[in-house]
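Topology and contacts: notes
As a plain string of letters, each chain reads:
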Amino acid sequence: MGFNLPRTILFLVLGSFLTSCGTSKSRTSKRSEKSIVTEWKTELAPPQNKMNTAPPEAKPEDTRVYNITSYALDFKGTKYKYGGTTRDGMDCSGLVYTSFLQENIALPRSSRAMSLQGERLSLVDVNIGDLLFFETNKNKKVINHVGLVVEIQPGHILFIHSSSSRGVIISSLADNYWFEHFVMARRVI
C-alpha cells in the first residue's frame, strides 16, 4: 500500500496518547456498512416503546460478556469527563476500557484504536457485549465515539456510552443521529 510501518505505528501510538476518543480513519468501508445498516433498519419493525433501558433478561453464554455489560450499566448517569475512567466522570472509550478491564481484557484507550481490535461484524451478527463505532464530528471523518451493546430488541440495538452532553446513557442504534453516524461493529470477545 505504500506506507511506512514504523511511521504508522508511531502515528497510532501518538494518536492514542493525544486523544481518548479517536484519530483518523479511512471511509472506504463505510459505504458497504451503510447499505447493511439501511437494510437492517428497513427490514426490522421497531417496537412501540423505542428504548428499554432495563438490563438484558437473558445472560449471554459467555459470563465475561455479562460481567462487562453489567459493570458498564452500573455507570449509567455518570457525568461526562474527557479522559475520565471513574464514577467522577468518564468519556466513551473510558467506559468501554474500564468495563473490559474488569475481566482482565486490556483494550486500547482511544475509540479509534479500539476500532482496530477484534472481528468486524455485520449488524445482523451483533450481540450483547459487541462494540459500535461512530464518526460524530461533522468537520472530520474520524472514528471518535464508541458504545457497548447491552440489549437487542426487534429493530433496535441498544448500547451504553458516554455522551459529552448527557453523560453515561443508553441509546438505540435505530435513533436517526446514531444511525447516520454509525461506522462499524466489532467483537472483541
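Rules behind the numbers
- Residues numbered from 1 in each chain as written.
- Predicted model: local features only at pLDDT ≥ 70, side-chain atom pairs only at ≥ 80, totals over all residues.
- Heavy atoms only, no water.
- Helix = DSSP H or I, 4+ residues; strand = E, 2+ residues; numbered from the N terminus.
- Contact = heavy atoms within 4.5 Å.
- Polar contact = N/O pair within 3.5 Å; in protein donor to acceptor, adjacent residues only side chain to side chain.
- pLDDT = per-residue confidence, 0-100.
- Buried < 20%, exposed > 50% of the residue type's maximum accessible area, 1.4 Å probe, protein only.
- Pairing = 2+ DSSP bridges.
- Core = buried A, V, L, I, M, F, W, Y, C linked by side-chain atoms within 4.5 Å.
- Axes fitted to C-alpha atoms, helices over the stretch in contact; angles between N-to-C directions.

Structural notes on the environment of threonine 78
- Within the secondary structure, threonine 78 is located in the loop between α3 (63-73) and β1 (85-86).
- A sequence separation of ten residues divides threonine 78 from aspartate 88, and the C-alpha atoms of the two residues are 7.0 Å apart.
- When sequence neighbours within four positions are dropped, the list of residues in contact with threonine 78 reads Thr86, Arg87, Gly89, Met90, Gly167 and Val168.
- For threonine 78, the side chain forms a polar contact with the main-chain oxygen of phenylalanine 75, separated by 2.7 Å.

Things to note about the confidence of the model for the protein
- Looking at the protein as a whole, its pLDDT mean stands at 79, while 68% of the residues score no less than 70.
- For residues 22-38, every residue scores under 50 in pLDDT, and the model assigns this stretch 44 contacts once sequence neighbours within four places are set aside.

Digging into the pairing of strand β8 (residues 182-187)
- Within β8, five of the six residues are buried, which leaves it mostly tucked inside the rest of the structure.
- Pairing of strand β3 (residues 119-121) with β8 involves three bridges; the strand directions are antiparallel. Across the sheet, residue glutamate 119 finds its bridge partner in β8, namely arginine 187.
- Bridge count for strand β4 (residues 131-134) against β8 is four bridges, and the pairing is antiparallel.

Notes on the nonpolar core
- Formed by 24 residues in total, the largest nonpolar core has its most connected members in Val96, Phe100, Leu131, Leu148 and Ile160.
- It is helix α4 (residues 92-101) that contributes the most residues to this core, four residues altogether.
- In contact with phenylalanine 100, not counting residues within four places along its chain, are Ile68, Ile105, Leu107, Gly129, Leu131, Leu148, Val188 and Ile189.
- Counting residues in hydrophobic clusters, the runner-up holds twelve residues, among them Leu132, Val149, Phe182 and Ala185.

Here's the deal with the sheet that holds strand β7 (residues 167-172)
- Strand order in the open sheet made by the six strands is β3-β8-β4-β5-β6-β7, with antiparallel pairing throughout. Strands at the two margins of the open sheet, each flanked by one partner only, are β3 and β7. Taken pair by pair, the neighbouring strands of this sheet meet at an average axis angle of 35°, ignoring direction.
- Across four bridges, the pairing between β4 and strand β5 (residues 145-153) is antiparallel. Bridged to leucine 131 within β5 is leucine 148.
- Strand contacts of α3: β5, β6 (156-163) and β7, with the helix running at about 110° to β5, the strand carrying the most contacts.
- Seen against the sheet, α4 touches β4, β5, β6 and β7 and runs at an angle of roughly 65° to β5.

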